[in-house]
Amino acid sequence: MTIDEVVAAARRNPPMVHCLTATVSMSLVADGLLAAGLRPMMTETLEEAPVVVTAADALSVNLGTLSTDGMVGIPATVAARPDGVPWVLDPTAIGLAPVRTRMARDFLDEGPDVVKGNASEILALVGGRGGRGADSADAPEHAVDAAVEVARRTGGVVVVSGPTDVVVTTDGVAEKISRGHPFMARVTGTGCLLGALTAGCLVATDDPVQAAVTAVTWFDVAGEVAAARAGGPGTFRVQLLDALDEVARTGVEETR
């Protein structure tokens with residue numbers, strides 16, 4: 001399948017993506033998935049999330065702004081995920097924060113299909129110190145060996161995000177994608193949205209590399225289209241929603 005074929009398949013049969021995501025990004029993640037043509041649902045409470053996930057087509061786990069509810073609800077939801085439902089782990093801001101760092105490392109044994117994070121977050125998964133909050137202190141190319149180690153532990157794919165997004169498998173670098181726009185790093189929740197979009201793409205193809213490459217390319221190309229029309233980060237946020245829909249309709253590869 002090509003990138004556009006994966007996008008078309010995801011939009012033709014829109015997957016329900018259960019998003020356990022940061023409170024600061026919930027609105028953008030929900031609106032972004034809807035704009036892309038997919039379907040979001042969100043809850044992380046212990047009482048409801050493990051039940052709700054049984055109706056999901058995919059699961060996206062983001063550890064940003066980890067709450068007291070999330071500390072117990074997220075692990076229970078991952079454990080309740082039905083067999084065959086793909087999932088993405090986004091270990092946001094791990095390294096310094098003790099609870100989410102331990103949780104993220106433990107989740108690797110649950111076999112996420114894709115792990116997506118910046119270079120410092122990927123390094124922290126294998127014992128590194130992490131960055132400053134959600135900011136990376138390392139370049140993507142410095143995290144490739146750590147990403148391979150993570151991929152071998154999970155059996156899945158790792159996306160190291162940055163100015164160049166690097167898709168890594170157990171064999172090393174599968175693809176590098178140098179697209180997007182600096183505005184994408186100046187709007188809260190863009191990385192969270194990419195993780196959720198990746199989860200949706202996993203439903204459209206049984207190849208996690210293809211799903212990761214499709215989601216990253218779709219998102220980055222939309223970012224470029226949005227930035228060309230935006231006056232700054234605020235208008236970029238709005239334009240990004242329109243662009244996710246537009247490039248999917250006109251063709252991601254055509255827009256490239």
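Going by the structure above, here's the rest.
Quick look at the structure, then. All values derive from a computational prediction rather than experimental measurement. (Residues numbered from 1 in each chain as written. Predicted model: local features only at pLDDT ≥ 70, side-chain atom pairs only at ≥ 80, totals over all residues. Heavy atoms only, no water.)

Quick word on the packing of helix α8 (residues 190-204) against helix α9 (residues 208-229)
Here comes step 1: In contact at an axis separation of 8 Å, α8 and α9 are set at 135 degrees when each is read in the N-to-C sense. One way to sum up the angle between α8 and α9 is to call them oblique. In this structure, the crossing between α8 and α9 has a hand that is right-handed. Every residue of α9 that contacts α8 at Thr190, Leu193, Leu194, Leu197, Thr198, Cys201 and Leu202 is listed here: Pro208, Ala211, Ala212, Thr214, Ala215, Val216, Trp218 and Phe219.
Here comes step 2: Here the contact of α8 with α9 is built from residues that sort into twelve nonpolar, three polar and no charged. (Axes fitted to C-alpha atoms, helices over the stretch in contact; angles between N-to-C directions. Helix = DSSP H or I, 4+ residues; strand = E, 2+ residues; numbered from the N terminus. Parallel < 35°, antiparallel > 145°, perpendicular 65-115°, else oblique. Left-handed = near helix turned anticlockwise from the far one by under 90°. Contact = heavy atoms within 4.5 Å. Nonpolar A, V, L, I, M, F, W, Y, C, P; charged D, E, K, R; others polar.)

Digging into the layout of surface pockets
Here comes step 1: Estimated volume of the largest pocket: approximately 900 Å³.
Here comes step 2: Surrounding the largest pocket, 38 residues form its lining, Ser161, Met184, Ala185, Thr190 and Gly191 being those nearest its centre.
Here comes step 3: Broken down by secondary-structure element, the contributors of at least two residues to the lining of the largest pocket are β5 (114-118), α6 (119-125), α8 and α9.
Here comes step 4: Sorting elements by how many residues they give to the lining of the largest pocket places α8 first, with four residues.
Here comes step 5: A per-class count over the lining of the largest pocket returns 14 nonpolar, 15 polar and nine charged. (1 Å grid on protein atoms, 1.4 Å probe; cavity = no way out; pocket = protein on both sides within 12 Å on 5 of 7 lines; lining within 4 Å. Points joined across faces, edges and corners; volume = space filled by probe spheres on them.)

A closer look at the pattern of salt bridges
Here comes step 1: Considering all chains together, one arrives at seven salt bridges under this definition.
Here comes step 2: With its nearest N and O atoms 3.7 Å apart, the salt bridge here joins Arg39 to Asp57. Taken together, the residues Arg39 in strand β2 (residues 39-41) and Asp57 in the loop between α3 (49-52) and β3 (58-62) connect sequence positions 18 residues apart.
Here comes step 3: Residue Asp57 is classed as partly exposed on the basis of its relative accessible area of 31%.
Here comes step 4: Where Glu246 meets Arg229, a salt bridge forms, and the shortest distance between an N and an O atom there is 2.7 Å. Of the two residues, Glu246 sits in helix α10 (residues 233-250) while Arg229 sits in helix α9, which places them 17 residues apart along the sequence.
Here comes step 5: Relative accessible area serves as the criterion here: at 44%, Arg229 is assigned to the partly exposed category.
Here comes step 6: Salt bridges linked by common partners bring Arg11, Asp245 and Arg249 together as one network. (Salt bridge = Lys/Arg side-chain N within 4 Å of Asp/Glu carboxyl O. Buried < 20%, exposed > 50% of the residue type's maximum accessible area, 1.4 Å probe, protein only.)

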